[in-house]
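This is what each chain is made of:
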Amino acid sequence: MSLAQVHYTSAAPGVEGTAGRFTAVGPGVSGALLAEIEPLVRYELPGGVPERPSDGELRSLPQAFGYFVLSDGSRLVARSAPVRDTGGAGAGVRFHAHAVHLPPGVPLPGDRLPVEAWRSPHWVAVTPGGATPDPLTLPPGPTAVSEGLDDFAVSRGPWLAAVLADLRRASDAEAAGRPVALVERQCADVARWLGLASVTLPRESAERLTFTTYTRRPGSSASRVVGVGPEDAGAARAAGLRVHECAGPAPAGSTEDVWATTAARVWRSRSPELFREARELPGEPFAAGPLAVTALCAGIVLGPDGRAAAAGWAADRPYALDARRTGQLVEAIASPGIDDRTAPEFDAAGRLFGALEGRCPASVTAPLAAMLVTEAVRGGNGSLELPRRDAFAGPEGAEVAGRLGPEILTELADTVGSRSVARTVQLLRVARLLGVDAAESLPGVVDRLAPAVLAEASAAHEGVPGFAPALLELLDEQFEVRTALLGALDRIAPQDPGAVARFLERVALPFTGTQALPHLRMCAEVPEAMATLGGDRAAVWHRVLRAAGVSPFAEPLVLRTGVGLVWEDRAPTVEEARLLLDAATSDAHRVAGTWARLVDAALSTSAAGTSATGMSAASTSATGTSAAGTDEAARLAHDLLRGFPEEIGGRERAGLLLLDLVRELRTGAPEPGWAERVRTLCAQAEPVEPALRERAHAALVERLLAPDRPGAELYDFVHGADAELIAAYDRAARTETVRARLRTQPAYAADCFTVWTAHPHAGRAWPPVAAALLDDVLRPAVRGMSAEDVAEVEATVGRTGSSGRADAFRDWNRSSTLGRLGRRIAGRVRRG
C-alpha cells in the first residue's frame, strides 16, 4: 500500500512571525496529526554556525533522523536536514523535513525496522513538484544498518555495556524510566547506536524504541532515545535524562547488567550473528543465560558473571543443548586459564555438574568435577556443592588426587592456624572423594573440630549454623568421622553442657547408634524434660540422669553434666543440694567437681535475705519463728565440711564453718569462745554475705539471751566491745519473745537485771545499750508484774548476786514507782 508522505519547510531567514509550513501532505494525514507532527520535525541549528556557511560547512551540519509514535497509534519516520535558502554560496540556511506516515499495524516496505531507513537515498531536501512520490524506497538487505557496526562497537567499547543496558530499559513497554541521551559529535554515530540496538534487541523491543538522532532540546523531546551534541549534554543532564557522553573521556565503573555486559563482549568480538542464535534458545528475552551460552560456545571470553549465568541456565535446562555445544560450554567454564572465578560462579558450576552427571559421559563432566574440588581445596569455598565420589573413579580422578592430596593432608595436619568448621568439613569430604587417606590426621582434626562447632554455633546466636548441612552430610558419609566427632563432643559436654544442649537443639546430630555417649544423650534430653516437667528441677535432674544410661558411681562426670544442665545459671536450693549429695558418694562428687556447686547452695541459701514476713533473720530467730532453711543449710554445711575436708578452703570454708556454728549455737553445745569464733569466721569469710553475718549474729545473741547461757561467754561478749554484735543483742532483746519472757518469768527478769547492770565500765558500746534495755525493756515488764512477782525478782537478784545487788534492784524499782506517784500528784494539782 502507499504510505503518505509529509514535507515541511522552515521559514526563510529573516522572516518573522512563523516557524515554517507544511509544503506537501499525503492523503490520510489529518490536520490534528499535522499539529502533532510539526514539533517533531522542527530543526534547530547547533551553536556557532556561520550565518552564511560554505557548502562543506553545510554538509557537516547534523541531520535529525527520528522515529515517533503518534497519539492515534500511527508512527512517523522522518528526516530533518539543513538546506540553503537559495542557490549560491552566500545564501542563508533553513531546514527541510521529509516524513513518512505509517498507519497503525502497517510496516515499512519489506517489513524493515525504522532505523533501516537511515541511509535511504530517497530522503529529499526539497518539496517535490506535482504529486507526492509513492512510498519511501529502502536499500536492499540489512547492509544499510549493519555495515560498519562492528568497527563502531569496538570504538565505543568503554560505553557499550552501559548504553545497551539503557537502550534495553528504554525499549521496555512497561518501563517508566528516564529517556536516554547519547552525546556524540556526529548524529550519524547516534544512528549507529540505534543500529546496534536493532541487531541486539528482539524485534518487538527494537520497534518500541522511539528516537531522534539530533535535538537541541532534549528535555522536551518525546522520544525514548535522543542524540545531542556535546554542547547540549548539560541540558540533557539537567532535564533528568540518563546521559552517556560517548564523545568524551571513557566512563569509570561498569554496569551490573549481565545481559548488557555479555552483549558488549559479543559486539567487541565482531559476532553479531550470535544474537539471532541466542534468541532461538529458551529463556526470557533479556536473560543473560542464552546469550552467555552462545558466546562461550563460540569461543568468546566472558567474565565471572557471564560464565555463572551460562552455567545456571544450562543447569536448569540440561537437555536444551546438543552434545557438541554441551562439551564446548563445559570446556569454556572449566578452562584452566581462568583466574577470576567467584563463589556464585562456582555454585552455578556445581549445579551444572549435578544436572549433567549421569546424562553425559564422564569425560565431558570430568573437567567440571576437577574444577570444583580444586576450588574446594585451594579456594576455600565451604558452601560448594561437591560431586559424587564416582566422578573420580577414572584416570582424571587419580590425577586430581595426586595433585590435591598432599595439600589436603598438610592443611589437616596443621594444629596452629585457625580453620573454620566449614573448611575442615570440606577438606574431609574432598579427601574421601579423592580417596586420600586422612586416618592419621583424624584424631587431631576432630579434637579441633569439636570445640569449633560449639563456638561457631554460639557466635551465630540463632537458627541453624551455616556449616550444619555440610557437617551432617559429612557424618552421614564417613562413619569413622562421625564416631570420632561424637566421642569428642561427649568428652567436652561436662565442661559446658548448656552450650552442647543448645547446639543439639539447632543441629540434630545422629547419635542414635551403639555409642554410649552418656553426656550427649543427657544434653539432648534436657529441653524436652524442661518443657514437660517445668520448674520441678529435681524431677528434671532424675530424668536427665536416667537418659545418660550409666550410673554416677560408674561415670561420676554425669553428675557434672546433669548439674550444669539443670542448674546452669543458678545455685541449687538446699533441698536440691541434699538430693545431689545423696545421689552419689563424696568420691564421685570429688571427681566430678560438683562439690563446689553444693557449697554454693549452702552459702547462697544461708544468705537468702529476710523471712516472708519481712523480719530480719535475727528477729525471726529470736521470736521463735521457724528458721528451717537456715537449719537445713547449716546441716548441709556440716556434711560438706565432713565430706570434703581437703577440697573446701578459704572464705568458703569459713562461711560453712560459720553456718555450722549457727547450727551448734541453736541445737547443741558449741566449743567455748562463741563470740570470738563468730568474729573470726566472719573476718575469714570476707566478703561475707550480709544475711549470713546477720544469721550468725542472731544465733549468737539468741544463746546469750537464753537463761542457761554460760556466764563466761556473756562476759567475753560484753568485754569484746564489738559494736555490731552488741547492736544485734539490743535488737534481739527488744523482740516480743524476750519481752513476754520478762513479764512472765521473774527469774529471767532477775537474770537480765543482773546482766544489764553488771558491767558498767565494759567499753563504750555496752553501757548505753544496757542502760537503754533497763529503761525501755525491763522496766515496763517489771511495772506490769504483780507484787509477788516483783518480790520474787528482788529475792532472785539477792540470791544470785549479793545483798547490794538486791538493794540496787529496790532502788531502781522504787525510782520507777516514785516517778509514777509524782506524776499522779502533779496531775491532781493541775486538775485542782
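Our structure's up above, just so we're on the same page.
Note that the structure is predicted; figures quoted are calculated from it, not measured.

Colleague: Would you mind going over the overall build of the protein chain with me for this structure?
Modeller: Scanning the protein chain from N- to C-terminus turns up 39 helices and 9 strands. Looking at the protein chain alone, contacts between residues at least 24 apart form 69% of all its contacts between residues at least 6 apart.

Colleague: Mind showing me how you'd approach the packing of helix H36 (residues 746–758) against helix H37 (residues 766–783) here?
Modeller: A pair of packed helices is captured by two measures, namely the crossing angle of their axes and the spacing between those axes. For the pair H36 and H37, interaxial distance at closest approach is 9 Å and the crossing angle is 150°. One element, H36, and the other, H37, form an angle in the roughly antiparallel class. Taken as a pair, H36 and H37 cross one another with a handedness that is left-handed. Across from Ala-749, Phe-753, Val-755, Trp-756 and Thr-757 in H36, the residues of H37 making contact are Trp-766, Ala-770, Leu-773, Leu-774, Val-777 and Leu-778. For the contact of H36 with H37, the class distribution of residues is 10 nonpolar, 1 polar and no charged.

Colleague: Just checking my understanding: could you explain the environment of Leu-559 for this structure?
Modeller: In this structure, Leu-559 sits in helix H24 (residues 557–566). With sequence-adjacent residues up to four places away left out, Leu-559 is seen in contact with Trp-541, Pro-552, Ala-584, Ala-588, His-589, Ala-592 and Thr-594.

Colleague: Sorry if this is basic, but what is going on with the packing of helix H35 (residues 736–744) against H36 here?
Modeller: Where H35 contacts H36, the axes come no closer than 5 Å and their chain directions differ by 110°. Accordingly, the angle class assigned to the pair H35 and H36 is roughly perpendicular. Residue-level inspection shows Val-738, Arg-741, Leu-742 and Thr-744 of H35 in contact with H36, the latter providing Pro-746, Tyr-748, Ala-749, Cys-752 and Trp-756. Across the contact of H35 with H36, the residue classes break down as 7 nonpolar, 1 polar and 1 charged.

Colleague: Just checking my understanding: could you explain the pattern of salt bridges for this structure?
Modeller: Where charged atoms from two side chains of opposite charge come close, those side chains can pair. Enumeration over the complete set of coordinates arrives at 49 salt bridges. The salt bridge involving Glu-664 is made with Arg-677; its shortest N-O contact spans 4.0 Å. Placement of the pair is Glu-664 in helix H30 (residues 650–667) and Arg-677 in helix H31 (residues 674–684), with a sequence separation of 13 residues. Here Glu-702 and Arg-666 are joined by a salt bridge, their closest N and O atoms 3.6 Å apart. Taken together, the residues span a long stretch of sequence, with Glu-702 in helix H32 (residues 690–704) and Arg-666 in helix H30 at a distance of 36 residues.

Colleague: Looking at this model, I keep getting lost on empty space enclosed by the protein. Mind explaining?
Modeller: Any empty space left between the atoms is revealed when a probe the size of a water molecule rolls over them. In the structure shown here, the tally under the stated rule is 3 cavities of 30 Å³ or more. Surrounding the largest cavity, Tyr-67, Leu-113, Pro-114, Val-115, Leu-194, Ala-197, Ser-198, Ala-206, Leu-209 and Phe-211 form its lining. Counting residues per element, the lining of the largest cavity draws most heavily on helix H6 (residues 187–200), which supplies 3 residues. Looking at the lining of the largest cavity residue by residue, the classes come out as 9 nonpolar, 1 polar and no charged.

About the criteria used
Residues numbered from 1 in each chain as written. Predicted model: local features only at pLDDT ≥ 70, side-chain atom pairs only at ≥ 80, totals over all residues. Heavy atoms only, no water. Helix = DSSP H or I, 4+ residues; strand = E, 2+ residues; numbered from the N terminus. Contact = heavy atoms within 4.5 Å. Axes fitted to C-alpha atoms, helices over the stretch in contact; angles between N-to-C directions. Parallel < 35°, antiparallel > 145°, perpendicular 65-115°, else oblique. Left-handed = near helix turned anticlockwise from the far one by under 90°. Nonpolar A, V, L, I, M, F, W, Y, C, P; charged D, E, K, R; others polar. Salt bridge = Lys/Arg side-chain N within 4 Å of Asp/Glu carboxyl O. 1 Å grid on protein atoms, 1.4 Å probe; cavity = no way out; pocket = protein on both sides within 12 Å on 5 of 7 lines; lining within 4 Å. Points joined across faces, edges and corners; volume = space filled by probe spheres on them.

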